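Inside the fold
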Amino acid sequence: MAKNLIIVESPAKSKTIKKFLGKNYEVVASNGHVRDMPKSQMGVDFDNDFEPKYITIRGKGDLLASLRKEVKKADKIYLATDPDREGEAISWHLCHALKLDEKKTSRITFNEITKNAVKQSLKQSRDIDMDLVDAQQARRVLDRLVGYSISPLLWEKVKRGLSAGRVQSVALRIIADRESEIDAFIPKEYWTIEVNLQVKGLKKPFFAKYYGNPEKYEISSKEEVEQIVKELQQSTFTINQIRKSERTKKSPLPFTTSTLQQEGAKRLNFATRKTMQIAQQLYEGVAVKGHGTIGLITYLRTDSTRISEEADALCKEYITEHYGAENVIEAASAQKPNKKIQDAHEAIRPTYVDLSPAQIKESLTRDQFRLYQLIWKRFVASRMHAAKYETVSVRIDAGKHQFTSAGSKLVFPGYLTVYQGDDDKEEANSVLEKLTKDSQLSMQELLPEQHFTQPPAHFTEASLVKTLEELGIGRPSTYAPTITTLISRRYVAKEKKNLYLSDLGEIVNQIMVSAFPSIVDVNFTATMEALLDGVAEGNVEWKTIVRNFYPDLEKAVNHAEEALEKIKIEDEVTDVICDLCGRNMVIKYGPHGKFLACPGFPECRNTKPYYEKTGVKCPKCGGEIVIKKTQKGRRYYGCENNPECDVMTWQRPSGEICPKCGNMMLEKGNRLVCADSACGYLVEKQKNS
């Protein structure tokens, strides 16, 4: 019988596929990429129209020799790497590295590792799609040009080991811009008033919120509140309007890479990298008791919410059997049209919907189970009816003022039977359902409360992924490695899910913004992604993009080299004396930011923490306020006498004292604000004459 050879990337994928095929099929793994551009040099031939130079990846020689032996035995070779641009490129590299005969080599792809999908792909084998390969080559060459041109400048300017990247640097700028917004944010005072109302004949009271007089009105000061409260205390509360209606909440769309990463972060507290690692395991195959090694989910890198007709039908059958036919939706929610979406793949879904999470829990690790359960529930919920609520809203008059109260009652759970998020939890208000326009109300209590507007939230991994996707920066496969790089390079610190810009990240971002504005321009990067999509679709020649891009990059690099040379940072000498040799210590940059080091290195290796002085005295003990860092690298301002003195703030102290309460005044953009938000005192900064 003819011997067929199938080459995949991973041993796990190989093991899963073997069980579907007969003895005349051999399945082997390449363990990912086998060729790449060399790490030690640019790897792009400028004299040969930007042709990339590829070499065998170190350590892959023995593996390739083993694969060549298998190739010689085979009558037919199928390249079954992942169904995306990177997978297509790996197959193309295998063709070159193994010197495969085009006549007996074919490319196959499948979105899920199931018997039907694999066998169907063998019937639909094809040639390698060079448009996809070229799109991947263009991305690699552009990334290499940016990284290998700019990174040496960062080494010279700041420290060795730093890096810049086409997508990475834009993501860093987005985080830096958000930090600037937060730092410049000035909180504004506002007040709310709630009233506790008792209904005659009912035991339970209800709360209503102040609306306006009668138009919607926001209360901005204590004086206004006091006047309104005074008027309300002399007013009669009567029902003006009762409106009852029905509201539906649509079932969610199945997961894309982006939404899976977001929900993995929110619900499971997974880093984006962890979510992708576990999803890869579920896709490639897990040993499940009674089933052997099977792939549990479809391909994990996708930005489409499309579901195959077969999977849709099987899911609806499952819902009918387990939750009732009334829960099956005829036409599932559709994704809004978006030209950025690549619809080559399905959404992420379970390969076997009848394998519920509870059935296979014993075969999975805790994290595999949690992620599989999330994917399974989301997919099943996407094929179920919307949840239905009965709502009631009440408008109440109190003299010239108005209050509102609203509640809802779930009357048909629909998809909530399977999948419920934080925003799906709603409280019913049984008292409102019993109200009539004639109901007599009596005020029990008025509850005025002071608030201050909040600054924009710091990015989390989930919100950053969402922003990158919305802006069209990067692709599903790039989100996790981009964030991982920012954190590992210590440009960004992660604390309690939030991402904070480090001193190092701030310096790198400032250099990139000043010297390479187009590289870190959001619109430019999004346009570049669209061009790369054009290559994949066969509409753009990949070297045209590189030819147009490189001259501007080269010009910017040359200009930056001259400019940065003029302002090259020298080690700053301090008045701190080295304990070991008596020299004046200097300020250096390390992975965690600035530190003090002896200039006598390597003879003297003494180092100390560096606390930059602000010139502001601590209002509590009179010590110096210095700039410190949390363990994760986030900057804050604290007293040098810590832990004896606990004074600290996230904003820079100005040195001035609040005339209203005596607290520190902090710098916020062009204003000084009191450190005590309850005080609320603020004043414009005095401009230097």
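Scroll up to find the structure this text is about.
Quick caveat: nothing in here was measured; it's all calculated off a predicted structure.

**A look at the sheet that holds strand β23 (residues 612–617)**
- Taken in spatial order, the 4 strands make up an open sheet running β23-β24-β25-β26, and their pairing is antiparallel. With one partner strand each, in any of the chains shown, β23 and β26 (648–649) form the two edges of the open sheet.
- Across 4 bridges, the pairing between β23 and strand β24 (residues 624–629) is antiparallel. Residue pairing in the sheet places valine 616 in a bridge with isoleucine 625 of β24.

**A short note on unusual backbone geometry**
- Each neighbour pair has its own omega, and for phenylalanine 601 with proline 602 the value is 10°, a cis peptide bond.
- Tracing the backbone through its elements, the reader meets proline 602 in the loop between β21 (593–597) and β22 (607–609).
- Residue proline 643 follows asparagine 642 across a cis peptide bond; omega there is 10°.
- You can see proline 643 is positioned in the loop between β25 (635–639) and β26.
- Of note, the phi angle at asparagine 31 is positive, near 55°, even though the residue is not glycine.
- In this fold, asparagine 31 is placed in the loop between β2 (25–29) and β3 (35–36).
- A positive phi angle is found at asparagine 269, which is not glycine, with a value near 60°.
- You can see asparagine 269 is positioned in the loop between α8 (257–268) and α9 (272–284).

**Digging into the packing of aromatic side chains**
- The full count for this structure, using the stated rule, is 10 aromatic pairs.
- Note on tyrosine 54 and tryptophan 92: the rings are 6.0 Å apart at their centroids and 80° apart in plane angle, and the pair reads as edge-to-face. Taken together, the positions of tyrosine 54 in the loop between β5 (51–52) and β6 (55–56) and tryptophan 92 in helix α3 (residues 85–97) put the pair 38 residues apart, joining distant regions of the chain.
- The exposure class of tryptophan 92 is buried, given its relative accessible area of 14%.
- Between phenylalanine 524 and phenylalanine 549 the ring centres are 6.1 Å apart and the planes differ by 25°, which places this aromatic pair in the stacked class.

**A few points about the sheet that holds strand β30 (residues 682–684)**
- Taken in spatial order, the 4 strands of this open sheet run β27-β28-β29-β30, and their pairing is antiparallel. Pairing within the sheet leaves two strands with one partner each, and these edge strands are β27 (653–657) and β30. On average, adjacent strands in this sheet sit at an angle of 30° to one another, irrespective of strand direction.
- Sheet analysis places strand β28 (residues 664–668) next to strand β29 (residues 671–674), joined by 4 bridges and oriented antiparallel. For glutamate 667, the partnering residue across the bridge sits in β29 and is leucine 672.

**Here's the deal with the pattern of salt bridges**
- All chains considered together, the criterion is met by 29 salt bridges.
- For aspartate 533, the salt bridge goes to arginine 85, with nearest N and O atoms at 2.5 Å. With aspartate 533 in helix α17 (residues 522–536) and arginine 85 in helix α3, this pair connects stretches of sequence that are 448 residues apart. Here aspartate 533 matches arginine 85 in class, with each residue buried.
- Of the charged contacts in the structure, one is a salt bridge between arginine 349 and glutamate 112, with a shortest N-O distance of 3.2 Å. You can see arginine 349 sitting in the loop between α10 (309–323) and α11 (357–360) and its partner glutamate 112 sitting in the loop between β8 (105–107) and α4 (115–123), a full 237 residues away along the chain.
- Accessibility expressed as a relative area gives 3% for arginine 349, which makes it buried.

Conventions we followed
Residues numbered from 1 in each chain as written. Predicted model: local features only at pLDDT ≥ 70, side-chain atom pairs only at ≥ 80, totals over all residues. Heavy atoms only, no water. Pairing = 2+ DSSP bridges. Helix = DSSP H or I, 4+ residues; strand = E, 2+ residues; numbered from the N terminus. Phe/Tyr/Trp six-rings, centres within 6.5 Å; stacked < 30°, edge-to-face > 60°. Buried < 20%, exposed > 50% of the residue type's maximum accessible area, 1.4 Å probe, protein only. Axes fitted to C-alpha atoms, helices over the stretch in contact; angles between N-to-C directions. Salt bridge = Lys/Arg side-chain N within 4 Å of Asp/Glu carboxyl O.

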